[in-house]
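The chain contents come next:
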Amino acid sequence: MVGEEDGMKNKVRIGVCVMEKKAFSGPMLQILERLEAFGEFEIVHFGDKVILEEPIQSWPICQCLIAFHSSGYPLERAEAYAALRKPFLVNELGQQRLLHDRRKVYERLEFYGIPVPRYALVNRESPNEELDYFIEEEDFVEVHGNRFWKPFVEKPIDGDDHSIMIYYPSSAGGGMKELFRKIGNRSSEFRPDVRRVRREGSYIYEEFMPTGGTDVKVYTVGPEYAHAEARKSPVVDGVVMRNPDGKEVRYPVLLTPAEKQMAREVFSAFGQAVCGFDLLRCDGRSYVCDVNGWSFVKNSHKYYDDAACVLRKMFLDAKAPHLSSTLPPTLPWKVNEPVQQSEGLTRQGSGIIGTFGQSEELRCVIAITRHGDRTPKQKVKLKVTEEKLLNLMLKYNGGRPRAETKLKSAIQLQDLLDATRILVPRVRPGRESDSEAEDIEHAEKLRQVKAVLEEGGHFSGIYRKVQLKPLKWVKVQKANGEGEEERPTEALMVLKYGGVLTHAGRKQAEELGRYFRNNMYPGEGTGLLRLHSTYRHDLKIYSSDEGRVQMSAAAFAKGLLDLEGQLTPILVSLVSKDSSMLDGLDNASIEIKEAKARLNEIITSGSKSVHNNSSREKPWMVDGAGLPPNASEVLPKLVKLTKKVTEQVRLLAIDEDEELAESSSYDVILPYDQAKALGKTHIDVDRIAAGLPCGEGFLLMFARWRKLERDLYNERKERFDITQIPDVYDSCKYDLLHNAHLNLEGLDELFKVAQLLADGVIPNEYGINAKQKLKIGSKIARRLLGKILIDLRNTREEAISVAELKSNQDNNIAVPAAKEETDYHSKAYGKIDGTRRASFTSDMSMDQDEDDDKEPKYRLDPKYANVKTPERHVRTRLYFTSESHIHSLMNVLRYCNLDESLQEEPSLVCDNALDRLYRTKELDYMSYIVFRLFENTEVALEDPKRFRIEMTFSRGADLSPLESNDSEAASLHQEHTLPIMGPERLQDVGSYLTLEMMEKMIRPFAMPAEDFPPPSIPQGFSGYFSKSAAVLERLVNLWPFHKHSSNSNGSSPRKSRSENHKNQAEETSYT
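Just so you know, these numbers come straight off a predicted model, no measurement behind them.

Undergrad: Give a description of the environment of V939 that names residues and reports values.
TA: Of note, V939 is situated in the loop between β29 (928-936) and β30 (947-954). In the structure, V939 is positioned 580 residues away from S359 in sequence and 8.8 Å away in space, judged by C-alpha atoms. Leave out the neighbours within four places in its chain, and V939 touches K945 and R946.

Undergrad: Before we move on, can you summarise the confidence of the model for the protein chain with the specific residues and values?
TA: Any region with low pLDDT has predicted coordinates that should not be read closely. Residues of the protein chain with pLDDT of at least 70 account for 75%, and the chain-wide mean is 78. Segment residues 609-614 is flagged for pLDDT under 50; beyond a separation of four residues in sequence, or across chains, it makes four contacts in the model.

Undergrad: Tell me about the pattern of salt bridges, and name the residues and values.
TA: As enumerated under the stated definition, the model contains 52 salt bridges in all. In this structure, the salt-bridge partner of E715 is K643, at a minimum N-O distance of 2.4 Å. Note that E715 is positioned in the loop between β26 (713-714) and β27 (719-720) and K643 in helix α18 (residues 631-662), a separation of 72 residues in sequence. A salt bridge links E935 to R946, with the nearest nitrogen and oxygen atoms 2.7 Å apart. One end of the pair, E935, is in strand β29; the other, R946, is in the loop between β29 and β30, and eleven residues separate them in sequence. Note on E935: relative accessible area 1%, which makes it buried. On the basis of relative accessibility, which here comes to 6%, the residue R946 falls in the buried class. Linked through salt bridges whose partners overlap, the residues forming this network are R916, R955, D958 and E984.

Undergrad: Would you mind going over helix α7 (residues 257-270) in detail, with residue names and values included?
TA: Compared with the 20 Å implied by 1.5 Å per residue over 14 residues, the 20 Å span of α7 between its first and last C-alpha is a close match. Most of α7 sits out of view: 14 of its 14 residues are buried. Just downstream of α7, G271 is the residue with a positive phi angle, here 65°.

Undergrad: Talk me through unusual backbone geometry; I want residue IDs and the actual numbers.
TA: Between K150 and the following residue, P151, the backbone shows a cis peptide bond with an omega angle of 5°. Inspection of the secondary structure puts P151 in the loop between β8 (146-149) and β9 (152-156). Unlike most non-glycine residues, E718 shows phi in positive territory, near 50°. Note that E718 resides in the loop between β26 and β27.

Undergrad: Account for the environment of V221, with residues named and values stated.
TA: Mapped onto the secondary structure, V221 falls in strand β14 (residues 214-221). Classification of V221 as buried rests on a relative accessible area of 1%. Separated by 52 residues in sequence, V221 and A273 place their C-alpha atoms 5.4 Å apart. Those residues in contact with V221 that sit more than four places away from it in its chain are A273, V274, Y303, A307, V310 and L311.

Undergrad: I'd love a proper account of the packing of aromatic side chains, names of residues and values included.
TA: Where two aromatic rings form a pair, the distance of their centres and the angle of their planes describe that pair. Under the definition given, this model contains 25 aromatic pairs. With centroids separated by 5.5 Å and ring planes inclined at 40°, the aromatic side chains of F152 and Y167 adopt a geometry described as tilted. Here F152 is found in strand β9, whereas its partner Y167 is found in strand β10 (residues 164-167), with 15 residues between them in sequence. Accessibility expressed as a relative area gives 0% for F152, which makes it buried. On the basis of relative accessible area, Y167 is assigned to the buried category, the value being 1%. By way of ring pairs, the aromatic residues F68, Y225, W294, F296, Y303 and Y304 are connected into one cluster. A cation over an aromatic ring shows up here: R147 above the ring of F140, its NZ or CZ 3.9 Å from the ring centre. When the ring centre of F38 is taken as origin, the NZ or CZ atom of R312, which lies over that ring, is 4.7 Å away.

Undergrad: Talk me through the packing of helix α6 (residues 102-111) against α7; I want residue IDs and the actual numbers.
TA: In contact at an axis separation of 10 Å, α6 and α7 are set at 120° when each is read in the N-to-C sense. It follows from the interaxial angle that α6 and α7 lie oblique. Two packed elements cross with a definite hand, and for α6 against α7 that hand is right-handed. Residue-level inspection shows V105, R108 and L109 of α6 in contact with α7, the latter providing V266, A269 and F270. Residue classes in the contact of α6 with α7 are distributed as five nonpolar, no polar and one charged.

Undergrad: Hey, could you go over the pairing of strand β7 (residues 140-143) for me, with residue numbers and the actual values?
TA: Here β7 shows two buried faces, one formed by F140 and E142 and the other by V141 and V143. As paired elements, strand β6 (residues 134-136) and β7 share three bridges and run antiparallel to each other. Considered in β7, the bridge of E136 is made with V141. Between β6 and β7, which pair antiparallel and follow one another directly, the connecting turn spans three residues.

Undergrad: Give a detailed account of the environment of T256, specifying residues and quantitative values.
TA: Along the chain, T256 turns up in the loop between β16 (250-252) and α7. On the basis of relative accessible area, T256 is assigned to the buried category, the value being 6%. In this structure the C-alpha to C-alpha distance between T256 and S286, which are 30 residues apart in sequence, comes to 9.3 Å.

Undergrad: Hey, could you go over the nonpolar core for me, with residue numbers and the actual values?
TA: By size, the foremost hydrophobic cluster in this structure holds 48 residues, and its most contacted members are I368, L908, F931, I949, M951 and I1002. Broken down by element, the residue count for this core peaks at seven residues, all from helix α25 (residues 782-810). Among all residues touching I368, those that are not within four sequence positions of it are L784, I788, Y879, T881, I886, L889, S927, Y928, I929 and F931. Judged by nonpolar contacts, the second largest core, of 40 residues, contains I66, V221, L316 and L327.

Criteria and thresholds
Residues numbered from 1 in each chain as written. Predicted model: local features only at pLDDT ≥ 70, side-chain atom pairs only at ≥ 80, totals over all residues. Heavy atoms only, no water. Helix = DSSP H or I, 4+ residues; strand = E, 2+ residues; numbered from the N terminus. Contact = heavy atoms within 4.5 Å. pLDDT = per-residue confidence, 0-100. Salt bridge = Lys/Arg side-chain N within 4 Å of Asp/Glu carboxyl O. Buried < 20%, exposed > 50% of the residue type's maximum accessible area, 1.4 Å probe, protein only. Expected span 1.5 Å × (residues − 1). Phe/Tyr/Trp six-rings, centres within 6.5 Å; stacked < 30°, edge-to-face > 60°. Lys NZ or Arg CZ within 6 Å of the ring centre and 35° of its normal. Axes fitted to C-alpha atoms, helices over the stretch in contact; angles between N-to-C directions. Parallel < 35°, antiparallel > 145°, perpendicular 65-115°, else oblique. Left-handed = near helix turned anticlockwise from the far one by under 90°. Nonpolar A, V, L, I, M, F, W, Y, C, P; charged D, E, K, R; others polar. Pairing = 2+ DSSP bridges. Core = buried A, V, L, I, M, F, W, Y, C linked by side-chain atoms within 4.5 Å.

This is how it looks when you write it as structure tokens:
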């Protein structure tokens, strides 16, 4: 017992001096339990009886105090206790009074330069008091000459009164919507007859901010951590969106650097470490419209973990600085947690170097990643002459007879399905003579189109689209008899489908994101918390337009940021589409066509390139490198095995085929639902048990194999089409992984033959030799390469600006460190001049990259997050794309020195890595290339060795589905999933690639920064992407080292600093 008492004495006592309803709420208990689990704290609950009745002298003595106002709470008693015992306060008590008066909240926000909506005050000393400065007309109110047109917002000045009104203009029908705290599933009510504003009290009138139906709630824990969630705005329809468990639907969102700064300012302005506030995002700017005081995120275990870690650090620093605040490798409440199932899906590799120089800091992570495992991409082409289909084409191309039509929306695809159902023969005719062969093939293709469109019973453009291209026309008399007009008589229909991210692809992407979080940021450990919630990280995610790529990006973001919930809201809120940078091969179509022609010549003729001594040393330098020497002899075997597999699938499809043909209903729906499969995370056990294929029905599986059989070899012309080899390989690999339960005889042998050929064909389709690979790669990846250089340049410029600012401030220290202000809660920016404030209001349009999370005056000890310097900031840029861009980028990296202007330089990729890449052949699903930029802070700013680039790559999930010597892979195979290979170095160990050299080698192939158009700006967020000199102006006042300098009159060297960087502020805004 004595030992136990001594142990309790050594613990830091945390008093919970709040009303019991709050003290025993779910979030509070979750966080307190985690604090107790560290073993360093004793939690003491005061209880309502003590707080309300007992004298403060008899209250428990505590070193740290959690105290905040709620209904019935005696704030003055808590203040008296704090004055008596002087505990460390998580939230300052006196300033909590400000939160009950919206006027004082707005006044405080404005004083700290935090943007608020345009507003005006109407103060009444008695109900219905007439005020000469207040005018109300039908569509506006005017306060002290400030006019507010409807729609405008009316808020009671009492912060505890949540009855907020929005008044609508007569042109929109008028009326008023009342917002209130959630009652069941309602959060607002529209009243069409109410048009006059309230007059019984004092109100704030403010401009209505259109936010696109979304509100952002921000939850801070201390000056450095902010978790943001978006929710459906009550303004929309007042119906609370709830998930199947009955909880309101919210999802984490990224805060911009300006918003993160606002969170710090809210913390400083009100002295509330644990705080919630509301953000409105409108027209490229963000505004704080409410501050709630003590607030916790609900139903988020990741947030509870984060909050407990941050609070622990605050308590130990305040009252037990002798104890180490470094987080343990495993958080104590996670010790007994089961290991996540997906662990092991991503493997460690040789490419991540674990140790760095003491003076090196990671500044930037850029990753270019291929999408995850997908279903085979499919295409059906047929010429159509049916009037119904031609009329459909005219309907959706504006009646232009020579214009192409794309059908993607649900309405368009439904129209096509209706037409196709009528045209498809009810019973499949037998083949009576060879002359009917074309008609039968046409009917079969129409049936395939019908089958694809009927899949799932509903439409999603993310994986089905149809093109109709006119081929022939005739002149016909106009309907009104006045002249002639053209009318199409034949069109080419192209249906593209498949290529959908599978459950395995989603799992691979999510696990790779988790791997990045744990391995790409050295020294972070568990201190990283969640990337998007900490102020030091600036993250942007880009994706091509393809659905599988977008969903891979969203799944990766879920793993990287440790998010919860469905992928769709993550995709919408975190992933930006940039098809011009990450899609398409149009720029190099001629060169690719030439490469394929030469490739076909090499394979079909059996010709072999001459190998000299240098090519034996560097086999990747010859034409057709990687092709098997007996490729022409292997092709007939490939055709034979393809026919064998196709015939088996045909037999399996007969029952399903006959069932569809004999059905008397037009509403036949295939049993496989592709759209629902998009949300799956596990294999389809029911289909496997029923002996059905995964990812499609038997009819479409047969259509897939039959097309491969027909296209691979033209028997009439006795000609092979080597461009079909990658598709045969793709189908083999897919069926071996996802349809092994169908036991297709010869499929494994076909896979081996197809892989042998594909390993040579695929890399050579992007160039038959090194120089052609470089030419094609530079054309396809030109914009992406330019963007990567912009990312690296922006990071360097920011780091140099930070170093110069710090150096200037260090040289001007005039006040000894002993004079530092110790009360970081109440420290105000007393003598802030107007320029500082203007940087938030008049000059709100700040670029996200140039602003970039500059750390303010008050921050936690950097040891908390296990980083070396408090100024540390990491920029992360993630690009998700297809196989073509990965190959293209890699080809530029390894062959850039072959360009005439760079022939004196060695390759960016070392010979050892060049050899490994040559042997790798395939950059499979989830393959990636990573650039990490490090800054050596002990090297002079002008020294090229200040910034070092590290390059790594991963082959992705390139393990064979036939792999039998890998027990880990075998167990994953049971889940139809293959592991992702770990990263490998592209440089020799000990080599040093400077950023300057990287730029020199890549610049000839990259789009110049000045050629980039203005960024594609999401609606309502334009202001975040433009530059402002005010960004640098406010750095001097906000930077942590500034606390040592004297600033009694509020002056600072901001002006000269701004002038020095005027040109930098006007640089390209592509971020």
